Amino acid sequence: MTHNRPGHTRRQFLTHTVGATAGIYGILHWRQPPAVAQQRELSMLSWNHFVPASDVELKKQAERFGRQHGVKVRIDFIAAPQIAMKLAAEVQTQSGHDLVLFRDLEADLHQHLTLTVTDLCDELGKKHGGWWGFARQADVIDGEWKAVPWFYVSGCITYREDYFTQVDEPAPDTYDDLLRAGRKLKKSGHPIGFAISQCSDSNSTIYPILWCYGASIVAEDGKTITINSPQTIAAVEYVKTLYQECMEPEVLSWDDSSNNRFILSGKGSWTRNAISIYEAARQKNPEQAKHINHTIPLKGPVRRLGITPAWSLGIWKFSKNQELAKDFLRFLFEPEQQNAFIEAASGFNQPFLKAYDEHPVWSGDPKLKALIGFANWSALSGWPGPPTRGAPLVFNSYILPNMCAKAVGGMPTKEAVAWAEQEIKKVYEGA
């Protein structure tokens, strides 16, 4: 029990007690360090680049932007095949990164949840020489930009000059040239090769063969399925002949790195791949790199056209840092950053903005000159149609590689094509 001292009223006691408590609180409050405001963070989802120096450079640029704007920029790198699953998870939870990476036509899959960035794309295009046409095929949906085209990867032809010389053949310019030379090269112990399996590189080789034979999966309206045609049957027959006479069975189980290993092992003579093979040889086997060269896509009976992997950056509508994300994209496309990004990947990263197309990294190396203007021969998997949900779903389902695998495995070509038609229709109907 508390007793008031003599001579103190209850009011005096309360006054003294409250005053003392306030004094103690004041001391404690004075000793407590001031609260520090949490630093704002901008997050970005990207892929593990095939040229690791590119990721190193991107992280440096993110740190520099962060210092300039007083924010932290976090970039998470994951394997490319995991990107689609990660995007789906973020859509499901309506949370995740501010900026996300889309491949090819994936912006269409998520168009309702990504910020419209037409103003930013118009601004960047005016400032840096305009966009290559197939950038719009990737990211313009119903007249609006739904993602910012970041860079494309020239799907060039990589081949060994010395092996072709040994069989008295020039670099192939047409698919007929490739078949003629491929027969000789396999006999000499240096077969040609490309994946006929469930991987992106297989798609990226087989789609152009169909296009160059006059076939496609869909018409210009983006709706009419056109895969079951005499042109497709001719293209699949050509793939069967190449497989039987110019390649080895291992291509039926290749992944996206197999064609790199195929050429770098010294065994392979020809494949469709970006310049990462050449860059790896330059770093680890310069003598071998002297014999590696590149060409533009081959010409078929109807046209010359290649599929070109394209990477874009989208901003989620549920991002809390939308304007900051736009500022970061502006920063990435400035010449200082963009040129460093091109150089870090030794020319692997090609901006969709025309002003950067003749960077010295390509014009200064005779082995890379085929990449200048490569966008002229480039299309995405939904060609000749506009961006649709169906096209990337067909691509990611590996329907065309499976069609060709069935045919080379013994299924009659017409049956394999009819199977592909049904699978593509199911995808487009459910998209």
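Each value, and the rule that gives it
Residues numbered from 1 in each chain as written. Predicted model: local features only at pLDDT ≥ 70, side-chain atom pairs only at ≥ 80, totals over all residues. Heavy atoms only, no water. Phe/Tyr/Trp six-rings, centres within 6.5 Å; stacked < 30°, edge-to-face > 60°. Helix = DSSP H or I, 4+ residues; strand = E, 2+ residues; numbered from the N terminus. Buried < 20%, exposed > 50% of the residue type's maximum accessible area, 1.4 Å probe, protein only. Polar contact = N/O pair within 3.5 Å; in protein donor to acceptor, adjacent residues only side chain to side chain. Contact = heavy atoms within 4.5 Å. Pairing = 2+ DSSP bridges.

**A look at the packing of aromatic side chains**
Logical step 1: Evaluation of the coordinates by the stated rule reveals 23 aromatic pairs.
Logical step 2: Ring geometry for Trp131 against Phe333: centres 6.3 Å apart, planes inclined by 80°, an arrangement best described as edge-to-face. With Trp131 in the loop between α5 (118-127) and α6 (133-139) and Phe333 in the loop between α14 (322-332) and α15 (335-344), the pair connects residues that are 202 residues apart, well separated along the chain.
Logical step 3: Under the relative-accessibility criterion, Trp131 is labelled buried at 6%.

**Comments concerning the side chain of Thr308**
Logical step 1: Within the secondary structure, Thr308 sits in the loop between β10 (306-307) and β11 (310-315).
Logical step 2: With relative accessibility at 1%, the residue Thr308 sits in the buried group.
Logical step 3: Reaching out from Thr308, the side chain makes a polar contact with the side chain of Ser378 at a distance of 2.7 Å.
Logical step 4: Those residues in contact with Thr308, other than ones at most four positions away along the chain, are Asp104, Phe134, Tyr152, Val153, Ser154, Gly155, Phe374, Ser378, Ala379 and Leu380.

**So, the pairing of strand β7 (residues 157-160)**
Logical step 1: Here β7 shows a buried face lined by Ile157 and Tyr159 and a second buried face lined by Thr158 and Arg160.
Logical step 2: Relative to strand β8 (residues 270-272), β7 runs antiparallel, the two being bridged by three bridges. Residue pairing in the sheet places Tyr159 in a bridge with Trp270 of β8.
Logical step 3: In terms of strand pairing, β7 meets strand β9 (residues 292-295) through four bridges, oriented antiparallel.

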